[in-house]
Structures are given as structure tokens and as C-alpha cells.
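Chains, contacts and geometry: an overview
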Amino acid sequence: MAGPKARELEELLAKQCQRKYAVALNSCTTALQCIMNYIQGLRYKIPHQNQSFRRLCTTNLSYMITGSVAERLGPVHYTDVDHNGLMKIDDIPYRDVDCIMTVNLFGQVVDYHGILINCALFNEHKTFVIEDAAQSLGSSFRGLPSGKLGWASVFSFDPTKVLNCSTGGLILTDDEQLANYADLYRSTRLHSAPSQNHNLKITEIDAAMLLAKMPYLESWQKRRTDIANYYKENIQN
């Protein structure tokens, strides 16, 4: 089990992001790997898949880990990006994908509602929408906080992020089965063979550091926004 500080952090961020469950791990990469492994395990329970996913779709502009983790499921379709550096949702081949991994960059959030509408129109099967929110903690889209915009979302607490520690990541979801799997995945209780077990929990020191910084998140977020707006207004062409 994670320690009391990690549990406190999970409860706080789950509430802030309007989620039922939050699971803290040692990195955002681990969080994405956990989700991919979980989906991979589901492939045998989804009849139309014939034990294999058709394709996962993600953006061509992201940290290299996004693509390498996505390729765990099989073929990956990479979309182009718009003028904000975000996934072009019209480039997603909705009829041919079973999983869409959006990537929020520079505090900006992908058009999540547009993706849901297109999934409903063009894909008769369940589409797993994963929100890579490593750079968008504190942002929102049409009143919904980043961290709520998908079947599962992930945060990063890397030192370069607005809320940071030495290293850490978080899975947010309303899916109890995924949350239970992630809780096992980060510990030594998922596999019977000791060689297959991991210790992927966030440390108590890192969790305590994040909790101490949480009260300042809003002001830090505003300061970053002010700086970004200054550049946009004063650097032209």
C-alpha cells in the first residue's frame, strides 16, 4: 500500500479533478505503461477485437515516451497538430481505432467533447480515450478540469512541471477495475512470481513535497499564464 501522504495526495487530486479514483506512481511514464498493460489484458475479453487491437491513435508532437508506450498495443496512427500544437481531431480515423491518446501541451487542452462526438458517430465499439495531461494540471475545458477528460488521465510531477517533485506520476479514472489494477501494478502484489513484481509507488517524501506545494498551484498557474500572454501580445511575426 502507498503511504499516508500518497493517499492524501490521491484524495486531494481526485476531488480537484472530479474523479472517483487516483493512483500515484513513481512517474508519468509508469502511469501510461500501467494503462497500456491493463488495456492489453482486456483484449481477450472484447469479442470484436479478435484478440488484437486495430490501432491506437495519438499525436506526432509529444515527448518520445508517448509513442513508445502506445506501440505496446500494436500499430499506431499519428495525427498532425493544429496551430496550437494540439492533436487535429479531424485527422483521427475513428472507424479504425480502439484507443485514442490525446496529449495536452503547454497547458492547453485538446477538444475532448469533439472527440467524444466523433467516437459516438463513427465507432460502434468502445473507444478508450486516454488523456496525457502531463503538462495541463490546473487547466480546464468547458468547465471540466484537465484530469477528467478521458476514460483515464495521467499527470506528471517531473521537476519541469507546474506542480513538481523529484519524480512522480498519477492515474485518474472513474473505472474501479483500472484503479484496482493500478494499485496492484505499483506494488509487489500483482504477480505470484517475485521476478515479475515491481515497486513503482511514489515516495512519501515526494508526496509530502507535492502536498506542501498544492496551495500555491493556482498562483503559479496564473503567473505562467501572464508570462505566456505577454509573449503572445509582444512578439509578433
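The coordinates are above.
To start, this report covers the structure provided alongside it.

Here the focus is a nonpolar patch on the surface. Together, Ile227, Tyr230, Tyr231 and Ile235 line one region of the surface with nonpolar side chains, adding up to about 440 Å² of accessible area. On the secondary structure map, Tyr231 appears in helix H7 (residues 217–234). Its relative accessible area of 49% is what places Tyr231 among the partly exposed residues.

Counting 31 residues, the largest nonpolar core has Ile35, Met36, Ile39, Leu56, Ile130, Trp151 and Ile171 as the members making the most contacts within it. The greatest single-element share of this core, amounting to nine residues, is contributed by helix H2 (residues 28–42). Residue contacts for Leu56: discarding those within four places in its chain leaves Met36, Ala70, Leu73, Pro75, Val76, His77, Cys99 and Met101. By size, the runner-up hydrophobic cluster in this structure holds 23 residues, among which are Phe155, Ala207, Leu211 and Met214.

Now for unusual backbone geometry. The phi torsion at Gln18 lies on the positive side, around 60°, for a residue other than glycine. Examined against the element boundaries, Gln18 turns out to sit in the loop between helix H1 (4–16) and strand S1 (21–25). The exposure class assigned to Gln18 is partly exposed, which follows from its relative accessible area of 43%. A positive phi is found at Phe106, a non-glycine position, where the angle reads about 55°.

Residue position: Trp151 is located in the loop between strand S7 (144–145) and strand S8 (152–156). Judged by relative accessible area, which is 12%, Trp151 ranks as buried. Sequence separation between Trp151 and Ile100 is 51 residues, and the spatial gap between their C-alpha atoms is 10 Å. Of note is the side chain of Trp151, whose polar atom sits 3.0 Å from the side chain of Asp175.

Burial within strand S9 (residues 169–173) is extensive, with five of its five residues counted as buried. Where burial is concerned, the two faces of S9 agree: the one with Gly169, Ile171 and Thr173 and the one with Leu170 and Leu172 are both buried. Sheet topology note: the S1/S9 ladder contains five bridges and is antiparallel. Bridge pairing links Ala22 to Leu172 in S9. By the bridge criterion, five bridges tie S8 to S9 in an arrangement that is antiparallel. Paired with Ser156 across the two strands is Gly169, which belongs to S9.

Moving on, we get to the environment of Glu124. Residue placement: Glu124 occurs in the loop between helix H4 (112–122) and strand S5 (128–132). Between the alpha carbons of Glu124 and Arg72 there is a distance of 24 Å; along the sequence they are 52 residues apart.

Okay, the pattern of salt bridges next. Considering all chains together, one arrives at nine salt bridges under this definition. In this structure, the salt-bridge partner of Glu10 is Arg7, at a minimum N-O distance of 3.1 Å. Here Glu10 and its partner Arg7 are both found in helix H1, three residues apart, which amounts to about one turn of the helix. Take Arg7: its relative accessible area is 23%, and that puts it in the partly exposed class. Note on Glu10: relative accessible area 5%, which makes it buried. Here the salt bridges do not stand alone but share partners, grouping Arg7, Glu10, Asp183 and Arg186 into one network.

Basis of the calculations
Residues numbered from 1 in each chain as written. Predicted model: local features only at pLDDT ≥ 70, side-chain atom pairs only at ≥ 80, totals over all residues. Heavy atoms only, no water. Patch = residues over 30% accessible without salt bridge, like charges linked within 9 Å, V, L, I, M, F, W, Y side chains within 5 Å. Areas by Shrake-Rupley, 256 points an atom, 1.4 Å probe, with all protein chains shown as cover. Salt bridge = Lys/Arg side-chain N within 4 Å of Asp/Glu carboxyl O. Helix = DSSP H or I, 4+ residues; strand = E, 2+ residues; numbered from the N terminus. Buried < 20%, exposed > 50% of the residue type's maximum accessible area, 1.4 Å probe, protein only. Core = buried A, V, L, I, M, F, W, Y, C linked by side-chain atoms within 4.5 Å. Contact = heavy atoms within 4.5 Å. Polar contact = N/O pair within 3.5 Å; in protein donor to acceptor, adjacent residues only side chain to side chain. Pairing = 2+ DSSP bridges.

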